Every structure is written in C-alpha cells, then in structure tokens.
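Breakdown of the fold
This is what each chain is made of:
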Amino acid sequence: MSSKSKPLLTSSLGKKLIMSLTGLFLCSFLLVHLIGNLQLFKDDEGYAFNNYAYFMTHFTPIKVVSYLLYASIIIHAVYALILTMKNKAARPIGYDKGSGNVNSKWNSRNMGILGTIVLVFLATHMQNFWFQYKFGTTPYVEYHTELATGNREIIASDNIPSNYDGYKTYVNNGVETIQTKDLYKQVAYTFQNPFIVLFYVIAMAALAFHLIHGFQSAFQTLGFNHRRYIGFIKGLGIWVFGVLVPLAFAAMPLYFYFKSL
Amino acid sequence: MNLTLKVWRQKNDKAKGQFVTIQAKDIADDMSFLEMLDIVNDDLTRKGEDPIYFDHDCREGICGMCSLVINGRPHGPMEGTTTCQLHMRSFHDGQTIVIEPWRAAAFPVLKDLAVDRTAFDRIQQAGGYVNVNTGGVPDANVIPIPKRIADEAFESATCIGCGACVAACKNASAMLFVSAKVSQFALLPQGQTERYERAQAMVDQMDAEGFGNCTNTGACEAECPVGIKLTNIARLNREYLGAKIFRQEDVHN
Amino acid sequence: MLDSKVPAGPLAEKWSKHKFNMKLVNPANKRKFTIIVVGTGLAGASAAASLAELGYNVKTFCYQDSPRRAHSIAAQGGINSAKNYQNDGDSVFRLFYDTIKGGDYRAREANVYRLAEVSVNIIDQCVAQGVPFAREYGGLLDNRSFGGAQVSRTFYARGQTGQQLLLGAYSALNRQIQKGKVQSYTRHEMLDIVKIDGHARGVITRDMVTGKIESHEGHAVLLCTGGYGNVFFLSTNAMGCNVTAAWRAHKRGAFFANPCYTQIHPTCIPVTGDHQSKLTLMSESLRNDGRVWVPKTQEMAERVRKGELKPVDIKEDDRDYFLERKYPSFGNLVPRDVASRNAKEAVDDGRGVGKTGFAVYLDFKDAIARLGEDSVRAKYGNLFDMYHKITDENPYKQPMRIYPAVHYTMGGVWVDYNLMTTVPGLYALGEANFSDHGANRLGASALMQGLSDGYFVIPYTVGDYLAGLGNFNPVDKNHPAFEQTRKEVEDNINKLLALRGSKTVDDIHKELGHIMWEYCGMARTAEGLTKAKGMIQELKKEFWSNASVLGQNEELNMSLEKAGRVADFIELGELMVDDALNRSESCGGHFRLESQTEEGEAKRDDENFTYVSAWEYTGENQPEVLHKEELVFENVKLTQRSYK
C-alpha cells in the first residue's frame, strides 16, 4: 500500500467533510434563527423582536459566531463549486437518455441549483434587512413602558431622528425607555410587496428540498449510517428541516403580507 | 418483436463517436439482451458491416464484464440484474432502445460500447488485499468470526466490479465500488492490521483516476446488480476520516 | 511410453519426499528469472502471486479486461478440503479415494493424493486472504455435503464460492502487481509458444485493443487457460473461453491427453432456440430436494410440449420419476453423468417437455409440501430467482425444466507429476491440464485443483526446473525463434482476415457444436464418431473457404478473435472424436453405447484401457499419434461403480 497518503483536505472525502460540517452548522443556525424570528408573530409592535435584533447584532460571542456563519456559507458555496466542477469533469460526455427519477430523487441530483437559489435568497435577505439595519435607513421607534403596570406607549416614525445616536435603554421613574431602529416595521413594510413575498416562499421551498437531501447526506458523509438511528436522522431531516423550518420561515412573509391587506 | 436500436458507435478511443440507428428484427421474448445484440451482429456481419463491439463473458451475471446503459439505465430496466441476464420480455414490439457505453472520464471508450475499466484494477492494487504470502498462515479455524460479521463481509464482497455504480452516478463516482472492498476487510479480522492504510490508499487512487465525488444520491445502490448497499459508503467514510483524523500513519516510510 | 515422473515411495510420502529432493533457486537468483503465466483464473492468479512472492518476475496475460473476470468466478457450489472439521470420518486418504473412484479410475494416483493433501492448506490460505466463507454461529467454518459425498467437506461462500476464491487470488495478484513483481497484461490473447532449443522460452500475444503482435520472453511458460467446453458451442463456459493457448502449445509439441473426457452437468436451464448463446448452470444441490420426472407416455409429453397440458395437472400416476425408479438407493442424487444420460434417454424416447422437447422436470412440489415454501426459499431462493428471471416461470408454482449441458473438460494438456508438459519449461495448471479428475470430476473439486496447482505445487516444481537450467542468463530476445514464430502468427491472422465467404464464424461454430453434441456428447458410438470425423473434416474445409472474417487486425475485432478460436476448436473437435473412437470402453463422462452393463450402466474395460491417451500433433491434416501412460493403482482396488 502507498507509503504516504494525500492530506485530508485535498482528497475528495476531505472536501465532502467540509461540505458536511458547514452544512450541519448552517442547519443549526437555521433553528436558532427561526426561534428568534418567531418573535415577529408577537403582537407587541416589535418590542421583543427589536430588542432581540439589537442583542444579536451587538453581543460579542454572537458576533463571533455570526462571522463563523458567514465563513461557513462562503466555504459551503465555494467547495460546492469545486466539487461540482470536478464532478462535471468526471463525465465529459453525458448520456443521451437520462434515467429520470428511477434511481435517485430529483432534489438529490440538483443540490447545486437548489443551493444557488438559497444563496441568491441569502443575498437578497441580507440586503433587505441586515444591510438596511446596519447601514441603510429603517424606521425608528421608542418604547416607553411603565414597569409597574406594563402599559406601553410607543412613539414611532418612518425616519430615524437626526439626534439618534444608537440603541439606548434606560429606566426613569419606573418607566423603561428604549430607543431603537425599528427592524420589525422594516420587516412589515418589506413584506407588503407581493413579489418579495413570492420570492421568499419559493426560496423556502428550495431550502426545504435542499435540506431533505442535505441533512441526511451530511450524516452519511460523516459515516453515520446505521439501521438503529438512520430512520431518526432521515425523519429529522425531512420533518424538521424539510417541512417545519421552511414552513415556519415562509409563514413570516405571508403573515405580514396578509396583515397588510 | 421488432425494435429500433439507437446504438453508440465509436471506432476507437481517439475517434469521435455517434449514435447509429439499427433495426433488430424477429426478436423473441426469451432471448437475453446480449443474444438480441448477437443477432443484430450476425445480420451486420452477413452484410459485411462491422459488428457492434460490446463487452461480455460469462453471461451468468457474475463476471462483471458486461455493461451497457440501456434507455438511460445501467444494465437496463430490470432491478438486480446484469445486462446478460436481462431478457427481451422486458421490452415491447416497436420500442426504440437507446444503448450507450458507461460514461466516465475514468472509463474511456475503447470501441463502440466497450470501455476501459482498468482504473478499478488500479484501485484494488492500491490496497484491496491482505498482506499475506502463500503458505505459513494459521489454520483456518484459528480465528472465529461471528456469523453476522462474516455474512456482512460477504455481502460487501459480492461486488462484481462491473462499474454500473459509476455509470449510474451523476458524478461518475466510484465510491460504492471502493467502499465494498474496504468494508469487506474493515469487517473481517484478517483486514484489521492494514485497515486504516487501506482506506487511505484506495481513496487516494480513486481520486487520482478522475472519478467524481459522492453526493449520496443513492443511484449507485439502486442500479447495482448485486445489491451493494450505501452503508458501505458510510463505512468507507468512517474508515477514511477515522484514519485521517486519528490514525494517520506512514509506517512504510 | 510416457514418463509421469511420479516419485517412488509410499503414496503418502511421495510429495513431501519430492519437495525435499527438488532443487532450489537461491533467493537472490530468483529475480533473474521471468515466468509467463497465461490465464488469470484460480490456477493462473494463484500461481502468479505465489511465484512473485518468492521473488520471480512474472508476466500475466488474460483476454478479459481484468484478471478478476476469469471464468473460475462462475463456480457456485464450493471447494472440497480434507480438513475433517466435522469429525465425520474424512481424511486425506478418503478425499483421495473418492476422487479416484469418482474419476472412474482413470486418474493418476500420486497426483490425486497430492491434491487431497494440499487441499487442507488451500482453505487456510484463502481464509488468511479474507475470503468470506460461510460460518456457523460459533464463528467457525461451515461445511456441507456436496455432489453425493458421504462426508461434509465442502467449504462454500453462499452460491458464489468461485467468485470469492478468485477475488482472493486476484487480491494476492494485485499485491504483487503493486510491488512491481507482476506485470499484468489484460485484453491480451496468447497466440503461440516460442521454443528455443526445445524449451518453451516465450509467447506471442495479440493486444486485442490495438492488434499489436508482441513477443514476451520468459524462462518458463504456465498455461492456466481453462477447459475447452466451448467446442460444443453451447456450454456453461464463458463466451470467451477457448482452447487456443492449449491448442497452439499442442501444435508446438505438448501432448494432449484424454480429450474425449467431458463432463455434462444435469441441472442446466434448457435451450430455448437457435439464438441461444450459452447455457446457465444451476447448482446440483437442487437435486437434494427436487424430484426429476417426465410424463409416462409420449402422447402426454406431446400435449405438454404443445402447451395443451400443464405439468401441475399431470397426475402422480402419469409421471415417471425415472431416476428414483431406476436407482432406488441413490434416487435423484446419482452422479452427474448418470443423471445426465438418463435425462437424454427420456428425451430421446419422445417424452421430453418444454416447447422444444429438450427438457425434463425438476419438481419441488413435494419439498414445498414437506418443508414449507419458506424453507425451500431459504435454501434455494437465489437459484429459484435466477430460474424465474431467465425462463419467466415461477418454480414455486410449477416444476423447473432442466437439461444437461457441457460443463467441464477433464481432458487437457498432458503433464507429468511436476505439471510440466512434454515441452520442457512449459507447464499446464488447473482445468487446462488433464491430471487429477480422471474420466469424471466430482463436485467442488475444480476449484480445489486450480488452487492446489497454483498455490502449492507449481512454486516448488518450477524452481526445480529453473535450478536445473544451470545458468541465470536472460532469455535471448533476439533469438530468431521469436521473429519466426511472430511471423507465423501474423501469417495466420492475415489468412483469417482474407476469408470473405458467406458464413459467419458463429454459423460454423454452431455446426461444430451440433456435431460434437450429437456424436461426441453424452452417448457415443463407433459409427457415430466415424461419421463425425468426416463431418468435422468437411467443416474445416468449409471454414477455410467459406467463412467470413471482417475488419482489420489493428482494432478491437470480435470477428477475428472468434475466427482464430473456432479454427482451433475445429481441430480439437477432430482429436476428441479420434480419442473417443479409440477408447472403446465406457468410463466416467465418456459413455460408449457398445460398452454398457445389462442395466445400461457404463462398463469399463480395465484390461485394455487403464491408460491415459496422450496425443502428439504431427502436422497439418496428419493423423495424431497416440502415446499411452499406463495407470498403476497400488492403493485402491478397481471396482465397477454402482448406484442402484
């Protein structure tokens, strides 16, 4: 047998290991992101959601994780591209007649297309919210909450006042004041546009099919395939990541759209 | 029955190939697919035309020599069957059948429907064996092997090396083939001494041959004529990653 | 008189004494020798690997695209070994005795004893290589009784023992290829032997992809090229199996022994029509539970053939379970040749079944009733599935149709005890030689012989020959013999390529097959054989005047490959007929109608035929000369087989 084998990351299996690990990390992010975003459904004029948004963008450990997340997305996409190019090169002349869905599922063969839709979605999504929140213009809101009674007074405007110098929270005379960019309203505004809503829903469908294959595939690549638990992994992939998560995400734009009508 | 064949014809490995339409007449149900091609070839020969070259040998489904992608499916439409064991009753009168060679950069076409599968041999040469010489081995019953393990190793060992997995895979990946051999030895006690080196050596050779990457579509398993399972690929992944991450050794240096 | 070089001394000590007496080649000198191995089945792959391990340089050749595809792969049943793991009274001597008796006393005692002796090592070797033999729940190896043997000595790997053993030998071969000790040439066909000063010193091969005619030099040449069953066109052999290597060696001076000994296997799937290209064997283990029958009357059989009557509708009283009727004690488990011949008799009597009438029933109705369908499925499921796939008939619901088919050839290149042919430096191993099975081979013994020759015999005997050469000089590549032989090969190819007649090579091969099956098949007569000889001679003329061979040499050329093989088969066919005609006794697979007992059983003539017929080629269209090797039986008593 050969005396020295190639380094892990230059091998096909090493590259797939990277796909698998980044993919699973992104899956875990999806869950966290979903749970956080469920606060959009709270009927509190965005109080909880806006506080959450500030926390997520300014708490250092979360920030570190978010950089990891960006890196994962890029690495996942770049390696997908590298692997796909190698795969194309492995069959220079294709078949005249394809086998259709007889021996494999459509989504498993088209992870690249599905992934690309998700990637385009991510860019749009970041532009719609993250970029606007950080560098663009968003509405503004002030929450005055009487701590003793819980009564809340809200002062909102479509533009950020010129004297706004960042998120502030303080308590004065038993009244908690929070001044913040109103990402919640930004969400509500954005999802009044039916085209954006439609695009989000399509992207979530793509995500669903991507994950139905991707989640269990990641475990297969790691070598986890045993009859004792493979059913659980596949079930998790289909029902949680393929159905529940994308449905819940897709419900958000639809919720705001129908609310706006 | 009468059939229209759309067959890939290619003079040699350097020439450009193309599809040629040939009529197959008076084909009986109980002919095998290759016997149908024999008859077509007989006709061609009588007309002084070059017969269609295809690989075949045992015609019992065990040697792994026959190939052919038939209407988009390696070894044709019948599951768990090699082309030589496929019978014409799987087709109907007037049908058009597209016959293509295995398509993979690692399997160059030699002529018509025959491809060069020596890449598989080279992968086996890289590590698909136990390092024992003839003679001087212990009695066969010295090592008891649990029946369950022996049976599982046997299931992996039944791979006939036909290459249908590569042909079926959209990426022309050879993972199922490689994993079957790695699994056999990973399971058996005889294979333990070189277990991790073997996985690394065989994967290296597989990559060097220009096969694609496994994306776990499962097409290989669905088309494998002898039912090699995807669990073999998972085991190869475990063996290889385990070797790389925890046990990378270069003992032969 | 031929010298078999069997060493003197008691049977049980011959091989160990001989191993001691043989000369050795110093390890440092082994690398100065090159050995050519033609064929990479069990015998070839195991020989090549073992010799390379010893330090010799080895070149292997096979016509397939990989050494792993040699037809050893198709053996289903198992491999015998005198391990006596079952404590049922087996021993080396018993295996020896059974093999000699099974071979109807026409094999060489010393060779067979050695085979039984090393059979024990084979299993150890294969297990060490990782061959996944069947095991019992305790983790030890499982055995079964096979082919009517009274002890359980057969090791097996489900129905794919040949495949697993070959993959084991192939893995050992791969290891040596990786080490650079073996050079493997695939898609190469050996077309001639090169002789220098009477010794085999190389081969001429054709690269089947490019058509290049190549010379390869070596100090010894091993023919591990299998049997010649395809002379019958239809057989259970692979499509590519051929006699060319052995036949060309024969023409260069290697005697051909007992060519008429062919084994016809009773449980094959019947022919469906003229398009049939090969026959598929089903393991004879089926006869353990299946009952063989045909309708009692010709009228009824006729209605079955026409499809008017279904076999399940035939009443018990109207069925003739002919094996059980004629052989009450062995019943359906009589040896292969007896079962085959009786099936043929039933068919000749007009009571054959199936559309063509060339079949008898193998019925599992009673087994299913007795054991339940699930038990039958557990035992024979894969065979039933295979049958169902090929015939589109469900054997759980209606009886299987079976018919005998050519399966193995006991005859082959004559070799001495060292496996050397009559050409010094030229060896024959496995099915290609004649040595161990006499006139009939027992089940699960072919794999044993191939591996015994390759792993445990040839590594010793080749060394003896090479050490005896007295020098370590490389073979002279520029010797005119290479150029001369190469030219003859090229001329022969050009002669074939010039054939532009009206018949395809397959047409002629089929005609040859019909002649051989009809006159030199399961039952032979002097009259029929004489007729066949004339027909074959006519066919040979027809081939060289009216065959059509297309294309050029410089390409993958199916037509040319077949033509060369069929030309050799025709010549071999004639020799088989000569041999069958000469041997006017019946023995094993060779049944002469003139020589049978009153009950219609094979009757040997020990007084006149206790010898090996070894034929010497004397020239194109010249009669071959018969040499005899007397068979001496010092350890067994010759008896008439009886399965009543």
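Along each chain, residues carry numbers from 1 onward, in the same order as the chain's sequence is written. Both sets of labels track the order of writing: A upward for chains, 1 upward for ligands. Thresholds applied to this predicted model are a pLDDT of at least 70 for local features of residues and 80 or more for the giving and counting of side-chain atom pairs; totals over whole chains, interfaces and linings are not thresholded and use all residues. To obtain the side-chain values, all non-hydrogen atoms of the structure were used and water was disregarded.

An unreviewed UniProt entry lists chain C under the name succinate dehydrogenase, with Sphingobacterium yanglingense given as the organism. Per UniProt, the comment on chain C under Cofactor (unreviewed entry) is "FAD". UniProt positions are given in the numbering used here, feature names are shortened, and annotations may be inferred rather than shown by experiment.

With an unreviewed UniProt entry as reference, chain B is termed Succinate dehydrogenase / fumarate reductase iron-sulfur subunit, source organism Sphingobacterium yanglingense. Of chain B, the UniProt comment under Sequence similarities (unreviewed entry) reads exactly: "Belongs to the succinate dehydrogenase/fumarate reductase iron-sulfur protein family."

So, on to the interface of chain B and chain A. Residue-level contacts link 61 residues of chain B with 39 residues of chain A. By buried area we mean the combined loss of accessible area, with a 1.4 Å probe, across both parts when two parts are placed together. A buried area of about 4200 Å², summed over both sides, lies between chain B and chain A, and 51% of it is on carbon and sulfur atoms. For this analysis, a salt bridge means a side-chain nitrogen from Lys or Arg found within 4 Å of a carboxyl oxygen belonging to Asp or Glu. Connecting chain B to chain A are 1 salt bridge. For A:Asp96, the salt bridge is made with B:Lys6, and the minimal N-O distance between the two is 3.0 Å. Polar contacts, as used here, are pairs of N or O atoms within 3.5 Å; protein pairs need one atom able to donate a hydrogen and one able to accept it. Residues neighboring in sequence count only if both atoms are side-chain atoms. Linking chain B with chain A are 25 residue pairs in polar contact (both at pLDDT 80 or more). Secondary structure elements follow DSSP: runs of H or I no shorter than four residues count as helices, runs of E no shorter than two count as strands, and numbering proceeds from the N terminus. With 10 residues, helix 8 (residues 231-246) of chain B is the single largest residue contributor to the side of chain B that touches chain A. In the side of chain B that touches chain A, the residues fall into 29 nonpolar, 18 polar and 14 charged. Two residues form a contact once any of their heavy atoms are found within 4.5 Å. Residue polarity follows a fixed list, in which Ala, Val, Leu, Ile, Met, Phe, Trp, Tyr, Cys and Pro are nonpolar, Asp, Glu, Lys and Arg are charged, and the others, Gly among them, are polar.

This paragraph deals with the interface of chain C and chain B. Contacts between the two partners involve 77 residues from chain C and, on the opposite side, 75 residues from chain B. For the pair chain C and chain B, the summed buried surface comes to about 6400 Å²; carbon and sulfur atoms form 51% of the total. Measuring nitrogen to oxygen at the nearest pair gives 3.0 Å for the salt bridge that ties B:Glu155 to C:Arg158. Viewed at the interface, chain B and chain C are joined by 45 residue pairs in polar contact (both at pLDDT 80 or more).

The next subject is the UniProt feature "domain: FAD-dependent oxidoreductase 2 FAD-binding" (unreviewed entry) in chain C. If you check UniProt for "domain: FAD-dependent oxidoreductase 2 FAD-binding" (unreviewed entry), the listed places come out as residues 35-447 of chain C in our numbering. With 31% helix and 19% strand, residues 35-447 of chain C has its two end C-alpha atoms placed 23 Å apart.

With that out of the way, let us pick up the sheet that holds strand 15 (residues 400-409) of chain C. Remark on secondary structure: sheet strands pair via backbone hydrogen bonds, oriented parallel or antiparallel. Residue and element names in this part refer to chain C. Here the rule is simple: two strands pair whenever DSSP picks up at least two bridges between them. Judged by pairing direction, the sheet is antiparallel, and its 5 strands sit side by side in the order 11-15-14-12-13 without closing on themselves. A strand with exactly one partner marks an edge of an open sheet, and here the two such strands are strand 11 (262-268) and strand 13 (319-320). Taken together, the 3 bridges between strand 14 (residues 360-363) and strand 15 define a ladder with antiparallel strand orientation. Note on strand 15: the bridge partner recorded for Val-360 is Ile-402. In the packing of helix 10 (residues 336-351) onto the sheet, the strands contacted are strand 11, strand 12 (291-295), strand 13, strand 14 and strand 15, and the crossing angle to strand 11 comes to about 70°. Helix axes are fitted only over the stretch in contact, all axes being lines through C-alpha atoms; the angle between N-to-C directions runs from 0 to 180 degrees.

A word on the pattern of salt bridges. Once their charged atoms are close, side chains differing in charge can pair, the charge on each being opposite to the other. Throughout the structure, instances matching the rule amount to 78 salt bridges over all chains. Notably, a salt bridge pairs B:Arg103 with B:Glu100, separated by 3.9 Å at the nearest N-O pair. Neither B:Arg103 nor B:Glu100 differs from the other in exposure class; each is buried. As a salt-bridge pair, C:Asp416 and C:Lys5 come within 3.6 Å of each other at their nearest N and O atoms. Relative accessibility thresholds used throughout: buried, under 20% of the residue-type maximum; exposed, over 50%; partly exposed, between the two (1.4 Å probe, protein chains only).

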